[in-house]
Amino acid sequence: MLSRVGSDSAADNLSTTWRARETARVELARLRVAEDASVEPAVLKALGISARAIGVERVGVWFFDAARENLASTLMLDHGELIRIPYVIRVADFGRYEQALRERRVVAADDVQKHALTADIVEHYFAPLDIRAALDAPIYRDGRVVGVVCHEHRGGPRAWTETDAAFAVSMAEVVASLFASAELASAESSLREHEAALHALERENALENVARGVAHDVNNMLAVVSMAVGVLRRHAGESERVIWAADRIEVATERASALCAQLLLYDGEGTRASG
């Protein structure tokens, strides 16, 4: 009877763990990048979900630099707290760990000090932080490993299960998707800004053409007015009113001509062109 009770209890625990993992997968699938293309809030939520689902104190996202000489932590949670200071590990210090990543393998080290793939990193990273077990899943981009999602356990060794590894792989896929979505959103935003700038330039060019066209037409009409003023003066005789009117018309014509000259130099922004 006791054996049956123990068996039922183990089955209940497995069922509870399975349900918790499936709930966590749904939460991860619902994560979206913010409208401003900021990926950090979504990734931090993903890290928190993964830490609870797998049951680790520390989880982080690491990426290789452009030269693939270093692996640096981009975002990391330690007991739910964001670690702002990045950690950097030289690829030259990886040992067999680097080969495992090249082969796109999940690294499940029950004891980082004894595991063949992590032993070389103990001195450079694990030991100072009292990390004894690690579950690392590679992040892919365009078929290439660009980083790692690291789940880290403190205190003593820990046996990772196949379901742990499978969840870690799902987590890495979600992280890759979030970063790709952020890059796409940023590219779309830049495209919209470029299109807006192009449309603004087209409007300015159209306005410039209209302004210059109007200036030419008005200049032509002013030329006719100037000739009429000359005729008026020749026939004014001694009439002061006619002479006064001719003077006023001539002054107005000169001012209008000056405005036309400014329109001819219009640069589309309401200012005079430099050249």
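Residues numbered from 1 in each chain as written. Predicted model: local features only at pLDDT ≥ 70, side-chain atom pairs only at ≥ 80, totals over all residues. Heavy atoms only, no water.

J.: Hey, could you run me through the overall build of the protein in this one?
T.: Each helix and strand counted, the protein has six helices and seven strands in total. Its C-alpha atoms give the protein principal-axis dimensions of about 135 × 45 × 30 Å. Burial analysis of the protein (275 residues in total) assigns 35% to the buried set. Considering only contacts within the protein whose residues lie at least 6 apart along the sequence, 57% involve residues at least 24 apart. Taken as a whole, the protein presents about 16600 Å² of accessible surface, with 55% of it coming from carbon and sulfur. For the protein, the separation between the mean place of its 31 positive charges and that of its 41 negative charges on side chains is 2 Å. (Helix = DSSP H or I, 4+ residues; strand = E, 2+ residues; numbered from the N terminus. Buried < 20%, exposed > 50% of the residue type's maximum accessible area, 1.4 Å probe, protein only. Contact = heavy atoms within 4.5 Å. Areas by Shrake-Rupley, 256 points an atom, 1.4 Å probe, with all protein chains shown as cover. Lys, Arg positive; Asp, Glu negative; His and termini not counted. Charge placed at Lys NZ, Arg CZ, Asp CG, Glu CD.)

J.: Which parts of the structure should I look at to understand the environment of Pro157?
T.: Looking at the element boundaries, Pro157 is found in the loop between β7 (144–154) and α5 (162–234). Separated by 71 residues in sequence, Pro157 and Ala228 place their C-alpha atoms 104 Å apart. The residues contacting Pro157, other than those within four sequence positions of it, are Asp110, Asp111 and Arg132.

J.: How do you make sense of the pairing of β7 when you look at a structure like this?
T.: Consecutive side chains of a regular strand alternate in pointing toward one face of the sheet and then the other. With nine of eleven residues buried, β7 is to be regarded as a mostly interior element. Bridging between strand β1 (residues 58–64) and β7 involves six bridges; their strand directions are antiparallel. From the neighbouring strand, Val61 faces β7, where its bridge partner is Val149. Relative to β7, strand β6 (residues 131–141) is paired through ten bridges, and the arrangement is antiparallel. Each residue of the ladder has a partner; that of Leu135, found in β7, is His151. Taking the residues between adjacent antiparallel strands as the criterion, β6 and β7 are bridged by two residues, where Asp142 takes a positive phi near 55°. (Pairing = 2+ DSSP bridges.)

J.: Just checking my understanding: could you explain the confidence of the model for the protein for this structure?
T.: The predicted model of the protein has a mean per-residue pLDDT of 84, with 91% of residues at 70 or higher. Per-element mean pLDDT across the protein ranges from 70 in helix α1 (residues 2–29) up to 96 in β1. (pLDDT = per-residue confidence, 0-100.)

J.: In this structure, what is going on with the packing of aromatic side chains? I would like to understand it.
T.: The description of an aromatic ring pair rests on the distance of the ring centres and on the angle between the ring planes. Within the structure shown, the criterion is met by five aromatic pairs. Measuring from ring centre to ring centre gives 5.7 Å for Tyr87 and Tyr125, while their planes differ by 85°; the resulting arrangement is edge-to-face. You can see Tyr87 sitting in the loop between β3 (81–82) and β4 (88–90) and its partner Tyr125 sitting in helix α4 (residues 122–126), a full 38 residues away along the chain. By the ring-pair criterion, three or more aromatic residues cluster together here, those being Trp62, Tyr87, Tyr125 and Phe126. If you follow Arg21 out to its NZ or CZ, it ends over the ring of Phe167, 5.9 Å from the centre. (Phe/Tyr/Trp six-rings, centres within 6.5 Å; stacked < 30°, edge-to-face > 60°. Lys NZ or Arg CZ within 6 Å of the ring centre and 35° of its normal.)

J.: Which parts of the structure should I look at to understand helix α2 (residues 40–54)?
T.: One turn of an α-helix holds 3.6 residues; hence residues three or four places apart share an orientation. Relative to the 21 Å expected for 15 residues at 1.5 Å per residue, α2 spans 21 Å between its end C-alpha atoms, a close match to the ideal helical length. α2 sits mainly inside the fold: eleven of its 15 residues count as buried. If you check which residues of α2 are buried, you get Ala42, Val43, Leu44, Ala46, Leu47, Gly48, Ile49, Ser50, Ala51, Ala53 and Ile54. Positive phi shows up at Gly55, right after α2, with a value of about 80°. (Expected span 1.5 Å × (residues − 1).)

J.: So what exactly am I meant to see when it comes to unusual backbone geometry here?
T.: For Arg68, which is not a glycine, the phi torsion comes out positive at approximately 55°. The backbone of His79 sits at a positive phi, close to 55°, despite the residue not being glycine. Structurally, His79 is set in the loop between β2 (70–78) and β3.

J.: Looking at this structure, how should I read the packing of α2 against α5?
T.: A pair of packed helices can be characterised by two numbers: the angle between their axes and the separation between those axes. Close contact between α2 and α5 brings their axes to 10 Å; oriented N to C, the two are set at 175°. Of the possible angle classes, the one that applies to α2 and α5 is roughly antiparallel. Across from Ala42, Val43, Ala46, Leu47, Ser50, Ala53 and Ile54 in α2, the residues of α5 making contact are Asp164, Phe167, Ala168, Met171, Leu178 and Phe179. Of the residues belonging to the contact of α2 with α5, the class tally is eleven nonpolar, one polar and one charged. (Axes fitted to C-alpha atoms, helices over the stretch in contact; angles between N-to-C directions. Parallel < 35°, antiparallel > 145°, perpendicular 65-115°, else oblique. Nonpolar A, V, L, I, M, F, W, Y, C, P; charged D, E, K, R; others polar.)

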